[in-house]
Amino acid sequence: MTGTVKVLVTGAAGQIAYSLLYSIASGNVFGKDQPISLVLLDITPMLGVLEGVVMELQDCALPLLKEVIATDKEEVAFKDLDAAILVGSMPRREGMERKDLLKANVRIFKSQGAALNKYSKKTVKVLVVGNPANTNCLIALKSALTIPRENFTCLTRLDHNRAVSQVAIRVGVDSAAVKKAIIWGNHSSTQYPDVHHATVNVGGQELPVFQAVKDDAWLKGDFISTVQQRGAAVIKARKLSSAMSAAKAICDHMRSFWHGTAEGDWVSMGVVSDGNSYGIPADLIYSFPVVIKNKSWKIVDGLNINDFSREKMLQTAKELVEERDMALEFVSESA
Ligand SMILES: NC(=O)C1=CN([C@@H]2O[C@H](COP(=O)(O)OP(=O)(O)OC[C@H]3O[C@@H](n4cnc5c(N)ncnc54)[C@H](O)[C@@H]3O)[C@@H](O)[C@H]2O)C=CC1
Ligand SMILES: O=C([O-])CC(=O)C(=O)O
């Protein structure tokens, strides 16, 4: 369909997708006048549920939604895509470590990377959400050698939003007042939420977060662990992983990727680490602060990194190197 953006959501019968699809189909992500063709992929046993999701999308009577394709076949799902939001995977349950998921999920992302390579547009923008998101994204990228590495990203915007919100609540301002938070590294408990460069607008005055919060011990302690552990805390409380907030963050991420970042701010995104200036090893999907223009991201360079931050940035990189090496072993075993 000319002029239509073709968007795939995998795991489309799952709980994140249920919170996500309306926003995409109603124009909240790709634009209020952008027609959408929505492709929904899930596994065969979920096709019945998917049928219900399709019915509901139809019943929303959304003028921008030109087409809905529901399928369990990769060759149908990945055809001619402009954007791929890869949510489908095995979710973490209470007590499970993210690494436990690696083996099962590597297989899925290897196959979907190959399908992107074979069937999608070379310009396709890919967002991996399914955990472990960074490493799943790297596996997909490595299975899609004809698509630029820069087109592959993973979701750390939820962590970014959590960090912004914790600071806003602490200072007593709304979340739009907080700018330039950073999530470094892995979307896991080793991630480093960093507000050394962040500012908060208090009564019209732009203050460094450390000055506005006036509690360094909290910013270097409980603030960091609260953001790092937030996913696990939600699972403990809900017995299900974050879905509403994950869907909101997916929309924020894709909207930034599509339309660019706001002047004077940046966003956190898991992107390929090749050529970064922060001493993070290459060939990882690592979360950095990025600015985006014309659908191209650029890592924000030249930030002053103190010893406290550097140690945490390297620690989460080390975990990603271990995850990558383990995942590549699983990939070669399954080859
Ligand atoms: N990066 C992030 O910030 C976040 C990531 N997540 C992750 O997102 C993923 C999805 O979470 P939920 O929607 O809550 O899980 P869910 O279990 O409700 O839904 C997952 C769906 O994926 C489907 N699926 C499984 N294998 C598939 C395949 N090969 N192809 C297509 N679909 C497939 C399942 O059948 C199910 O319908 C999980 O891995 C979760 O850990 C969740 C929250 C935040
Ligand atoms: O840990 C999980 O599976 C859910 C998740 O990623 C999050 O809420 O950040």
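No experiment lies behind these values; they were computed from the predicted model shown. (Residues numbered from 1 in each chain as written. Chains lettered and ligands numbered in written order. Predicted model: local features only at pLDDT ≥ 70, side-chain atom pairs only at ≥ 80, totals over all residues. Heavy atoms only, no water.)

Topic: the pattern of salt bridges
In this structure the tally under the stated criterion is 13 salt bridges. A salt bridge links Asp-80 to Lys-79; its shortest N-O distance comes to 3.4 Å. For Lys-79, a relative accessible area of 43% puts it in the partly exposed group. A salt bridge links Asp-82 to Lys-121; the shortest N-O distance between them is 2.8 Å. Of this pair, Asp-82 sits in the loop between helix H3 (74-77) and strand E4 (83-86) while Lys-121 sits in the loop between helix H4 (102-119) and strand E5 (125-128), and the two are 39 residues apart along the sequence. (Salt bridge = Lys/Arg side-chain N within 4 Å of Asp/Glu carboxyl O. Buried < 20%, exposed > 50% of the residue type's maximum accessible area, 1.4 Å probe, protein only. Helix = DSSP H or I, 4+ residues; strand = E, 2+ residues; numbered from the N terminus.)

Thoughts on the UniProt feature "binding site: NAD(+)" (unreviewed entry) in the protein chain
The residues that UniProt annotates with the feature "binding site: NAD(+)" (unreviewed entry) are Asp-42, Asn-105, Val-129, Gly-130 and Asn-131. Relative to the elements of secondary structure, Val-129 occurs in the loop between E5 and helix H5 (133-142). Residue Val-129 is classed as buried on the basis of its relative accessible area of 9%. Mapped onto the fold, Asn-131 is located in the loop between E5 and H5. (UniProt positions renumbered as here; feature names shortened; annotations may be inferred.)

Examining the site of ligand 1
Looking at ligand 1, there are 27 residues lining it, with Gln-15, Asp-42, Ser-89, Val-129 and Asn-131 nearest. Between an oxygen atom of ligand 1 and a side-chain N or O atom of Asn-131, the distance comes to 2.9 Å. Contacts to ligand 1 include Ser-241, whose side-chain N or O atom sits 3.4 Å from an oxygen atom. Look at ligand 1: alone it shows 870 Å² of surface, and the protein chains cover 89% of it. When residues of the shell around ligand 1 are traced back to their parent elements, those giving at least two are helix H1 (15-25) and H4. (Near = heavy atom within 4 Å. Polar contact = N/O pair within 3.5 Å; in protein donor to acceptor, adjacent residues only side chain to side chain. Areas by Shrake-Rupley, 256 points an atom, 1.4 Å probe, with all protein chains shown as cover.)

Concerning the environment of Ala-217
Here Ala-217 shows up in helix H8 (residues 216-220). Here the alpha-carbon distance between Ala-217 and Ile-280, two residues 63 residues apart in the chain, equals 27 Å.

Overview of the sheet that holds strand E7 (residues 178-179)
Strand pairing in a sheet relies on backbone hydrogen bonds, with the paired strands running either antiparallel or parallel. Pairing within the open sheet is antiparallel, and its three strands lie in the order E7-E10-E11. Among the strands making up the open sheet, the edge pair consists of E7 and strand E11 (205-208). Relative to E11, strand E10 (residues 199-202) runs antiparallel, the two sharing four bridges. By the bridge assignment, Val-200 is partnered in E11 with Leu-207. (Pairing = 2+ DSSP bridges.)

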